[in-house]
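Summary of structural features
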Amino acid sequence: MRLIMLGPQGAGKGTQAQRLAATTGALHISTGDLVRAEIARGSALGQAVKGYNDRGELVPDTLIMQLVEPALTAPRHWILDGFPRDERQARILDAMLAGAHVQLDRVIVLDAPDDELITRLLGRRQSRSTGKVYNLVTDPPPADDPGPFVQRDDDTPADIARRLAIYHRATKPLEGYYAAQGLLQKIDARGPIDAVADDILRALRQPHGSRPTVL
Ligand code: AMP
């Protein structure tokens, strides 16, 4: 299974991709996590992407490709979260997969209205000790995670607004791009985490378009 998880910030792509990876054994590739890890490592690439990340802007394609390409062309099943972000990246991905004789099976879109996304993003906290991501409202940290629980640098109201605007302008049109390839399935992401996870599994078990997904 090679799958793209598409959807706005706060729709639960990372959470659902992590769960699906645990269920299926596929590799969860989050370009946002790759960016943050590279920044934490302090490498030259990390320094080059830091400003974009901190401002909530997209990192240039050449830099993102350096981070994501090795994982994508490896002979493994994967769930891609945070890439592609626009049609240019989708075309780069198509060309790269075709070159590596790798087929994309499905694109799942997690859909939720902006006001819900903003509430979720403002409540998002990550544990510094375990790395797990929680939500103060919908998924509070359990007693056995010692924390501390911190906000991402780009989860401020101004940065959230900028990232959502980029999503609507650049990323959402990818729904049409992948629908035209017969790969797209839309899931309502407003429900509880478990219900959305069940909906995703149900969608994946149905043959879809011309390419049934093997789970
Ligand atoms: P995310 O965790 O997916 O919200 O990503 C955090 C930040 O990493 C984004 O605001 C961008 O600066 C950068 N980033 C992640 N994925 C991409 C991508 N596909 N293209 C460009 N920048 C990206």
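Higher on the page you've got the structure.
What comes next concerns the included structure. (Residues numbered from 1 in each chain as written. Predicted model: local features only at pLDDT ≥ 70, side-chain atom pairs only at ≥ 80, totals over all residues. Heavy atoms only, no water.)

Some points on the packing of aromatic side chains
Our working definition: Here a pair means two rings of Phe, Tyr or Trp (six-membered ring of Trp) with centres within 6.5 Å. Their orientation is stacked below 30 degrees between planes, edge-to-face above 60, and tilted elsewhere. Numbering of helices and strands runs from the N terminus, with a helix taken as a DSSP run of H or I at least four residues long and a strand as a DSSP run of E at least two residues long. Remark: exposure states derive from per-residue accessible area (1.4 Å probe, protein chains only) relative to the maximum for the residue type, with buried under 20%, exposed over 50%, and partly exposed in between. Placement of a charge over a ring requires the Lys NZ or Arg CZ to be within 6 Å of the ring centre, with the centre-to-atom vector within 35 degrees of the ring normal.
Applying the stated criterion across every chain yields a total of two aromatic pairs. Judged by centre distance (5.9 Å) and plane angle (80°), the rings of Tyr134 and Phe149 are edge-to-face. Placement of the pair is Tyr134 in strand β6 (residues 133-135) and Phe149 in strand β7 (residues 149-150), with a sequence separation of 15 residues. Judged by relative accessible area, which is 9%, Tyr134 ranks as buried. Relative accessible area serves as the criterion here: at 30%, Phe149 is assigned to the partly exposed category. On the basis of an interplanar angle of 90° and a centroid distance of 5.0 Å, the ring pair of Tyr177 and Tyr178 is categorised as edge-to-face. Here the two residues Tyr177 and Tyr178 agree in accessibility, since each one is buried. Note that Arg55 overlies the ring of Tyr52, its terminal NZ or CZ placed 5.5 Å from the centroid.

Observations regarding the sheet that holds strand β5 (residues 124-127)
Each strand in a sheet pairs with another by means of backbone hydrogen bonds, the pair being arranged parallel or else antiparallel. Threshold: Pairing between strands is defined by DSSP: at least two bridges between them are needed.
As summarised here, the arrangement of the three strands in space is β6-β5-β7, forming an open sheet in which the pairing is antiparallel. Each having just a single partner strand, β6 and β7 make up the two edges of the open sheet. Relative to β6, β5 runs antiparallel, the two sharing three bridges. Residue pairing in the sheet places Arg124 in a bridge with Asn135 of β6.

Topic: helix α7 (residues 157-171)
This is how the line gets drawn: The span one expects for a helix is its residue count, reduced by one, times 1.5 Å. When we speak of the arc, we mean the arc of directions from the helix axis to the C-beta atoms.
With 15 residues, α7 extends 20 Å from end C-alpha to end C-alpha; this agrees with the ideal 21 Å at 1.5 Å per step. Of all the positions in α7, only Asp159, Ile160, Arg163, Leu164, Ile166, Tyr167, Ala170 and Thr171 are classed as buried. The arc that holds every buried residue of α7, seen down its axis, measures 160°, which confines them to one face. Among the exposed residues of α7, those pointing more than 90 degrees away from its buried face are Pro157 and Arg169.

Overview of the pairing of strand β1 (residues 2-6)
A large share of β1 lies buried, amounting to five of its five residues. The two faces of β1 match: Arg2, Ile4 and Leu6 on one face and Leu3 and Met5 on the other face are all buried. The pairing of β1 with strand β3 (residues 78-81) spans four bridges and is classified as parallel. Opposite Ile4, over in β3, you have Leu80 as the bridge partner. Two elements, β1 and strand β4 (residues 106-111), share four bridges in a ladder whose sense is parallel. Residue pairing for β4: Ile4 is matched across the bridge by Val107.

Honestly, it's all geometry; don't read function into it.
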